Amino acid sequence: MTTTDQIVQLERGALDWWGQGDPGGFLDVYGPDITYFDPVTAARIDGHDAMEDYYRPFTGKIYISRYEMLNPQVVVDGNMALLTYNLVNYSQDAADVESVGSRWNSTTVYRRVDGAWKSIHSHWSFTRHAAFQNMSADASERQGE
């Protein structure tokens, strides 16, 4: 198995767990010195213990019927690997009607230590969030004009 395959497999495994309400898959791939950003965090989260605290309220509350990992790309340089991809989550209602849920951009930096790949940084952002879809590039940088 190539390094690219290993990295994508690690991430898919974590996503599989997450979709069943268990953040443990991500916690398993995080190294002790993980740093993390997402649109909900006010500041960077530092360290595995802090990530456990951050994920605790999500446990058992997220259910994703399926997901699509789009455009995965892994760039490897020695003992470091950068994974980027787009994620589309799907959910089902009580009548089993599927709909598109959240859409994400994901960037994760992995480091190989003693033969094992561990995530040292994870950054999530919304893909074309509705609040910004009609905003021009020029307007995106203006403050209160």
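Cut-off values and rules
Numbering of residues starts from 1 in each chain and follows the order in which that chain's sequence is written. In keeping with the model being predicted, local features are shown solely for residues with a pLDDT of at least 70 and side-chain atom pairs are shown and tallied solely at 80 or more, while totals for entire chains, interfaces and linings include all residues. In computing side-chain properties, one takes all heavy atoms of the structure into account and sets aside hydrogens as well as water. The numbering of helices and of strands both runs from the N terminus, where a helix is a DSSP run of H or I of at least 4 residues and a strand a run of E of at least 2. Relative accessibility decides the category of a residue: with a 1.4 Å probe and only protein chains considered, values under 20% of the type maximum give buried, values over 50% give exposed, and everything between is partly exposed. By the convention used here, residues are in contact when the closest approach between their heavy atoms is within 4.5 Å. Strands were regarded as paired on the criterion that DSSP finds at least two bridges between them. Throughout, an axis means a line fitted to C-alpha atoms (over the contacting stretch in the case of helices), and angles, computed between N-to-C directions, take values from 0 to 180 degrees. Throughout this description, the term salt bridge denotes a Lys or Arg side-chain nitrogen within 4 Å of a carboxyl oxygen of Asp or Glu.

(A) Representation of the overall build of the chain in the model. Of the regular secondary structure elements, the chain holds 4 helices and 6 strands. The order of α-helices and β-strands along the chain, N terminus first, is α-α-β-β-α-β-β-β-β-α. In the chain, which comprises 145 residues, the proportion classed as buried is 34%. In the chain, of all internal contacts separated by at least 6 residues, the share reaching a separation of at least 24 is 49%.

(B) Representation of the pairing of strand E3 (residues 66-77) within the structure. Pairing geometry for E3 and strand E4 (residues 80-92), over 10 bridges, is antiparallel. When the sheet's bridge partners are listed, aspartate 77 is paired in E4 with methionine 80. In this structure, the hairpin formed by E3 and E4 is closed by a connection of 2 residues, where glycine 78 is found at a positive phi of approximately 65°.

(C) Geometry of the side chain of asparagine 89. Here asparagine 89 is to be found in strand E4. For asparagine 89, a relative accessible area of 8% translates into the label buried. Apart from residues no more than four positions distant in its own chain, asparagine 89 is found in contact with Ile64, Arg66, Tyr67, Ser99, Val100, Gly101, Ser102 and Trp104.

(D) Spatial organisation of the environment of valine 97. Among the structural elements, valine 97 can be located in the loop between E4 and strand E5 (98-113). Every residue in contact with valine 97, bar those within four places of it in the chain, is listed here: Ser91 and Gln92.

(E) How the structure looks around the sheet that holds strand E6 (residues 116-126). Overall, mixed pairing links the 6 strands, which are arranged E2-E1-E6-E5-E4-E3 in an open sheet. Of all the strands in the sheet, the pair left with one neighbour each is strand E2 (45-46) and E3. One ladder, built from 4 bridges, connects strand E1 (residues 30-37) with E6; its direction is parallel. Paired with threonine 35 across the strands is histidine 121, a residue of E6. Together, E3, E4, E5 and E6 form the strand contacts of helix H1 (residues 3-19), whose direction differs from that of E3 by roughly 145°. In this fold helix H3 (residues 48-55) packs onto E1 and E2, with an angle of close to 55° to the strand it touches most, E1.

(F) Expanded view of the pattern of salt bridges. The tally for this structure, following the rule as stated, stands at 4 salt bridges. Arginine 111 is the salt-bridge partner of aspartate 33, the closest N and O atoms lying 2.7 Å from each other. Of this pair, aspartate 33 sits in strand E1 while arginine 111 sits in strand E5, placing them 78 residues apart in sequence. Classification of aspartate 33 by relative accessible area gives partly exposed; the value is 37%. We classify arginine 111 as partly exposed; its relative accessible area is 28%.

(G) The pairing of E5, seen in detail. With 12 bridges joining them, E4 and E5 adopt antiparallel strand pairing. Bridged to asparagine 86 within E5 is asparagine 105. Linking E4 back to E5 in an antiparallel pair, the connection comprises 5 residues, with aspartate 96 at a positive phi of about 65°. Of the pairings in the sheet, the one linking E5 to E6 comprises 10 bridges and is antiparallel in character. Among the inter-strand pairings, threonine 107 is bridged to a residue of E6, identified as histidine 123. Remark: 2 residues form the turn of the hairpin made by E5 and E6, two consecutive strands paired antiparallel; aspartate 114 in that turn has positive phi of roughly 50°.

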